[in-house]
Every structure is written in C-alpha cells, then in structure tokens.
Amino acid sequence: MRIELKDWTLTVIPHKEYCASGYPERGEFGLVSGLGVTIPAVVPGNFELDMVRAGLLEDPYWGSNITKLRELEDRHLFYRTSFDLPAVAENELPVLKLEGIDTVFDLYINGEWVYGGDNMFMSYEIPLNSDMPLKPEGNELIVHIHPTMIEAQRNVIPPSAGMFPFGYASLYTRKAPSSFGWDILCRAVSGGIWRPVYIETVKTPAIREAFLYTRAVNPDPTDHTRGYAELNLYYSVDLGGDTYYPFDCDKHPNELPYDYTVTVKGTCNDCTFEVTSDLWHTCGNIFIPVHGAYLWYPKNAGLPYLYDVTVTLCRRGVVVDERAMKTGIRTVELDRTTFAGDDGQFRFIINGKPVFAMGSNWVPLDAFHSRDAERLPKALEMLDEAGCNIVRCWGGNVYEDHAFFDFCDAHGIMVWQDFAMGCAIYPVDEKMQDALRCEVDHIVKKLRNHPSLCLWAGDNECDFAWWGWHGIRRDPAENILTRKIIPDVLRLQDFTRPYLPSSPYLDEDAIEAMKDPAKVVSCQGTADISEDHLWGPRDYFKGPYYRTAGCHFASETGYHGCPAPETLKTYIPEEELWPIFDKATDSDPFAGDPKPSWFLHQTTMELKYTGGFHYRIRLMTSQVQHMFTDVPADLATYAKMSQISQAEAFKYFIERFRTAKWRRTGIIWWNLLDGWPQISDAVVNYDFTPKLAYSFIKRVQKPLHMAFADPADGEFTLMGINDTQKDEVFTYTVKDITGLPVDTDLTAVPALLAGEVTVPADSATPVVSLPTSGMDDRFLLIEWRDSQGDHRSHFILEPKHLDYTTYTQALELCGFDDWHGF
C-alpha cells in the first residue's frame, strides 16, 4: 500500500529574519508563526517554482531573471502537510519514504524532531512506529530545508581542494554540482522536495534485497543472441525483529530460518528458469544455470532481451513475500589500455563481443530537478531515435531514477554512470569519505539490477583537476575518494561491472608520460591516452587537433549551435534578439559584447564580461566565420549558419570514429538536450526543438552507413560501415551536386563513382577512393541501397570558407534542410 502525501504548504523565510526569531539549531523545532511568506506548494517541487506560481517571482528563465535567484539562496523552507496513520496488520509497519530532498533538512512530526539528512541523492525511510510522536489522525509533518549556501559555510574547505570560483560551496555539499553553475547550466542553488513523499507499508517476513547477476555466458556459435548462462541471485530477507526496520521485537522477534525457501523464476519468450533453495540464514546465494538463454545486447550488437523475474519467499509452502523485476542476462568487460595506438584499446565487450559505441552525454534535464520526471520520456525518445546505443550520465548531474534505466534496458542503450563529482579537487578527509561511501552504497544497491548499466566511473575530469588545474601538479592516485572509497563499496556491493576511477582516467603510466612535454598532445594536458575528452581549441572542426586526436574512445566532444529564432524568442526579449552584439553595425554585426540576455544564456553566472564562460557566444560566432565567407544580415541567417557548422562538426566527429572502426571504438558526443534555455553544444533545445545537427546525427548513426574517411596520401576513401551482425551488400553512387539548382533531377546527374560492395558484419570496409585535388569545397551526394532500404548522406572535404547560398541549395537538393523554429 502506498499513500501519496498531498495538500502541502510552503513557508519561505530569509535567513536574517529566521535568525532574528532565535535561530533554532538543527534538531530544534524552528517554524515560528508569522515569519516569511506562506504559499501553496507542489510536491515534488522546487520552492522557486512555487513562488512563480504565487506571483512572487518572475520566470527565472526569461531574459536576465536568472541572476535574481542569488538573492534567494539564503531562504529557509518549511514544507507542511498532515497525514493519518494507515490501518496495518500485526506484521506490518507504515514507513514514511522521502525519495529526494534538496538538500539539508530536518523532519518534524507533531512538533518533535524525528530525522535529518544532508544528501540530495539519497532517499530516506522513517519507520512510523511506537517510538514516534504519532496519533491516529491529523499528524502534522514539517520538512525544514535549510539554505544550502548557509549550510555550506559550516564546512571549512582546506587549501588542497578547489574548483570553479562559484562552485566552492559544492565541494562538501552532496547536491548536483551543476546547480552551483556550469558552462552548460545556469546557477540555481535551489531547494525543495524534488522527488515523491509517501507512506508505504512494509511487512515481515519479507525480501529486503534481491541482486540477480550473470556469472558467465557461452553464446551459441551459430546464434550469438542465445547460449548457456550461469546466474547468481544474492538475497537478503527480514524474519522479524529490527534487522531492517524497528518492528516491536516483543511481538515480532527474529525467527530462525526454519521451514523457509527462496525461489527465483525467470521467463523470456520460450526460455524459463526456476530454482528453489532452503533458507539457512537471512541471506544467501542461489546458483542458476540457464540453457538456451536469451542474451541482452546493446543496439546493433544484438537484441536487448529481458526476463520477467520473480523472487518468492515461502514458509511451509505458503508465499509470504514476493519481489518482481525485469533484467537481462549479459556479462560486461572494459578492454582498456593506458595509451592509444596500434596495440592500444578502449572498448566495451558484452557477452564476449566487442561493441562499437555511439551516443550522447546525459546532462541535467532541468535546473529545477523536480521537473526531470516530466521531461524524461521525450528526452529518452529522442535519444533512442538518434540511434544511440550508449549514454554517459555525466558527473555534474543527479542520478537518474529507475524509469531512465528501465528505458535503456528495454532499448539496448548501455549506461556509463559517473558518480556525482566533476571538475574539482574534492576534500578527501573523513567527513567527505563517509558521506560519499554512504551515497555510493545507496546508489549501487538501487541500480545494480539494470543490465543497461555497464560502467561505473568515479567522476568527471577530476584526474585532470588533480594534475595541474590549480597550479600545482598532484598525482590523482592520491584521490582516496575514487581510488579507495568507491572501489571498496563496489567490491562489496557490485563486483560485476568495470570501474573507471575518472573520465579521462590518468593512471600511473599516463602520469609518467605526461611529465614529458613532447608527449603532451591534448589541450586537456594528456598524452595520447585511450579514452579522452576532445574539446581542443574549438576552432575549425577539421583542424589539426581534431584530425590527429589519437584516442580510441571519445567520451566528450561537441560544437556550438545557435537555437532557432522562435526558440530564442521564448527567453530573449525582442529588443535584444538582433543584433546579438551591443556595438554591431551593418558592416560588422559582431562588434562589441553580447547583449545581457545572450550573455547570461550562454551560460555565465553573472553579467561580468571577464567572468567564467563569458566567451561562448564569441566562440560560436568564430565557428560560423570558419565555415562561411558570408556575413549574416539577420538572426535567421546567423542561426542557420551556426546550426550548419554544428551539424557538419558532429557529422565529422562521428564519421571519423566510424570510418576507423575498431581502431576507434566509440564516441559519446556532447550533448543531446539542454537543461535550461541556453545557447550551447546541445543538438536539441530546452523546448525540445531540434537543431539541424539532430537530423544529421540520426542519419550518420544508422547501423548501415557510407562515409568518406579523412584524406591520406592525396586521396580520400569511401567507407562502407556495417554495425549489424550480418554481411551487407551496398549498391552506391557518389555525385557532385555543387551549385546545382534546387529543382535539379538528381537521377540525371552523372556519377563520379558507382558500384557494389559487400561489407562484412560489424566492420568498416574501404570501397573506393577519389583524389583530393580540386575537391575541397565540392558538395558530394552519397546514395546507396542496402537491405534496410535507400539512403543518402553527403560529404565536403574541407567545409570552411564556403559560400552560404551554394551550400544551402545543395542541402535543400538533398532533402537535408530539416529546419525547425525558423
């Protein structure tokens, strides 16, 4: 039984006013009547959104309003509702469950303190037993959420720690790091009850943990999607007393595990397994052999078969508890070397099979995380439609809930999960160790049954931070958080998945190599390591940095794209829309600085033109200038030019990895979707309007594709790319359509190349070459037929300093002018 708590009110009190009332310490009841303002509240919710609904705050996403949120960073929040105790059986106990509180809170029932917490990522369970100050009806529940920025001042940050200037408060605070401000998200140090609150009945005896994992698989040589598998179920049960919940031990003493059995049963299509084991203790393991198992694979490598599994606890043959789940049978390995090269590697291996990975980094769905759940279905749909078979849950975010992983399980999308740390040197003292240990244990137990979850990663770019971001080089191996705390928990709770201490990971050999300046090739300061973040100078996307990057696997890379005018109008006032720059003239529309709304939505934390991330509108403009010789005369033209440069960049980045398949093994680009209205690398705007790059990505990530590789020795080679598991025949033509009118009959255009080629399964095969001479700016149309139908793509050898009209005519002629919001 689950009872959602409703009818919430919210009292918002400035810290100075709260202090003037006596400032009760944490644990003392602190709501004084008459203070602050009281308004209706939505739970799940964030307090700023309630203030908007109440008319007390303007839309934070409009114009320059986001800066006003800093004034609210000192607010105490008192959420209040009431509840009746549900009727329960003798062996049942009502439990108050809070799935997400942002962040530091105290909880009161009928005026008495009963619980407190300080981690946004944790869920909390409070047994409503006889020790609580309860009555049958009308129990008052108050959740006091303390202001994060005030609470953060309780922590003295040592000089060894550091990050962005505006993010220091995040170093001890277990809250989404990006909420303090990032280059991809506004600063919104919010507070609220961001996930559901409800009362649920638990009982005893009961199953408390059920972890089903794959020990080994032996795929059938004639059909790799099936085979023999060995599974293991770890279970833990509660037979009374206070093992998990404080039941009344007089009425419910712990029992010896006589006459109990645990049964695990799973079904997928025509394959069923079932094993029963006697209970000898309150926990144990059950070995499960499965013949003819349907194996889970990511997209392109196979099918994501899922089993419906039930774990049943019986006493003398009578069912006393049952737990149901969906899971897949698969093993996962990370085949990794330190360095890239002919004998190097970084690739995922599922059920013994290497998988070429293509996908997106996953960043916050919204700056106000209570809205994540409503935005999730559309975002996942677009991720899947883009042909992604991997998604990297970036370390500046929250941890996504089961709905995210359920989707990835069902659609064959591997999940790379960072723990929630990024771009910083975090304190490594016992306080931080204890907080992280508890968090990791909680998250790992919650998510470990999902077959899509294929990698745990310690953090985002913190190894880089240790190695010199703050002026002094320190060995990342000394980071206890990622070298000891996290792996210690994983050794106990999930030893079935690979673990990468950081992304990118600088192990001992990488650090030694980086001491030699001749070997440092990345703008991040890394030698040619096997997995890297390819940001570089962000100039011409086919420049030397991008063409020569040696890593096998890029887990970040991206390029800016301007949103369409209709999207920009939803958050930039009309008078600021065009020109973008404050000293623009007809002859130089790019003179001066970006106007305030443009400046803040790029994203910066404040209106200071020397602050962090102030350069990104200028960067986007320079990328337009690299691509086209034309000077845009209006916003629509500028936005299209920018979206074209972004689309061509993403196309090149992905195709560069695909055409060198197995020398390069995966690319996770940055990124699918914005978490607030901004001008960014995302290929889909916050309002879900896709940029041109999204349609380009859908085209180039299809499992069967044709593309030209980078030129070599005066030639560039057409490659047939086959990510499916059977040989494919491609019948192809390549035509030069540069400068042709948009009404040209393409069937009448003579082919530069034509032929047929068989591309072996899971490979990239050279087909035919063209000389580079005279081809730099030619717009080539590639057409082919394979078993999945007729397809098109295009290629420009050197897409820089092009004529805008000539390019857009060719784009329209191909049918690739997929514009939205113009």
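Structural data are supplied above this passage.
Residues numbered from 1 in each chain as written. Predicted model: local features only at pLDDT ≥ 70, side-chain atom pairs only at ≥ 80, totals over all residues. Heavy atoms only, no water.

**Here's the deal with the pairing of strand E32 (residues 715–722)**
Move 1: In terms of burial, E32 is a largely internal element, 7 of the 8 residues being buried.
Move 2: Taken together, the 5 bridges between strand E31 (residues 704–708) and E32 define a ladder with antiparallel strand orientation. Each residue of the ladder has a partner; that of Leu 704, found in E32, is Asn 722.
Move 3: In textbook terms, the turn of a hairpin is the stretch between consecutive antiparallel strands, and for E31 and E32 this stretch comprises 6 residues, one of which, Asp 713, has a positive phi near 55°.
Move 4: Bridging between E32 and strand E35 (residues 763–771) involves 8 bridges; their strand directions are antiparallel. Residue pairing across strands places Met 719 opposite Pro 766, the latter belonging to E35. (Buried < 20%, exposed > 50% of the residue type's maximum accessible area, 1.4 Å probe, protein only. Helix = DSSP H or I, 4+ residues; strand = E, 2+ residues; numbered from the N terminus. Pairing = 2+ DSSP bridges.)

**Some words on the packing of aromatic side chains**
Move 1: Overall, the coordinates contain 49 aromatic pairs when judged by the stated rule.
Move 2: Measuring from ring centre to ring centre gives 5.0 Å for Phe 105 and Tyr 124, while their planes differ by 70°; the resulting arrangement is edge-to-face. Of this pair, Phe 105 sits in strand E7 (residues 105–109) while Tyr 124 sits in strand E9 (residues 124–127), and the two are 19 residues apart along the sequence.
Move 3: The exposure class of Phe 105 is buried, given its relative accessible area of 0%.
Move 4: Ring geometry for Phe 628 against Tyr 804: centres 5.4 Å apart, planes inclined by 85°, an arrangement best described as edge-to-face. (Phe/Tyr/Trp six-rings, centres within 6.5 Å; stacked < 30°, edge-to-face > 60°.)

**Considerations on the pattern of salt bridges**
Move 1: Taken as a whole and judged by the stated rule, the model has 47 salt bridges.
Move 2: Taking the shortest distance from any N to any O, the salt bridge between Asp 238 and Arg 208 comes out at 3.1 Å. Separated by 30 residues along the polypeptide, Asp 238 in strand E14 (residues 223–238) and Arg 208 in strand E13 (residues 206–220) bring together distant segments of the chain.
Move 3: Classification of Arg 208 by relative accessible area gives buried; the value is 15%.
Move 4: Taking the shortest distance from any N to any O, the salt bridge between Asp 710 and Arg 656 comes out at 3.6 Å. Here Asp 710 is found in the loop between E31 and E32, whereas its partner Arg 656 is found in helix H15 (residues 635–659), with 54 residues between them in sequence.
Move 5: The class of Arg 656 is buried, set by a relative accessible area of 5%.
Move 6: Each of Lys 353, Arg 658, Lys 661, Asp 723 and Asp 762 takes part in a single network of salt bridges with overlapping partners. (Salt bridge = Lys/Arg side-chain N within 4 Å of Asp/Glu carboxyl O.)

**Considerations on the sheet that holds strand E8 (residues 112–117)**
Move 1: Pairing in this open sheet of 6 strands is antiparallel, and the strands run E3-E2-E4-E10-E7-E8 from one edge to the other. Only two strands of the sheet have a single neighbouring strand rather than two, namely strand E3 (37–41) and E8. In this sheet, adjacent strand axes meet at a mean angle of 25° when their direction is disregarded.
Move 2: Taken together, the 5 bridges between strand E2 (residues 8–14) and E3 define a ladder with antiparallel strand orientation. (Axes fitted to C-alpha atoms, helices over the stretch in contact; angles between N-to-C directions.)

**Let's talk about the nonpolar core**
Move 1: Counting residues in hydrophobic clusters, the biggest one holds 165 residues, and the most contacted among them are Trp 8, Tyr 79, Leu 96, Leu 107, Trp 362, Phe 404 and Tyr 807.
Move 2: Per element, the largest residue contribution to this core is 12 residues, and it comes from H15.
Move 3: With residues up to four places along the chain from it excluded, the contact list for Leu 107 reads Leu 96, Leu 98, Glu 112, Trp 113, Val 114, Tyr 115, Ile 126, Leu 141, Ile 142 and Val 143.
Move 4: The next biggest cluster of nonpolar side chains, apart from the first, holds 52 residues, and it includes Leu 231, Tyr 260, Val 290 and Trp 416. (Core = buried A, V, L, I, M, F, W, Y, C linked by side-chain atoms within 4.5 Å. Contact = heavy atoms within 4.5 Å.)

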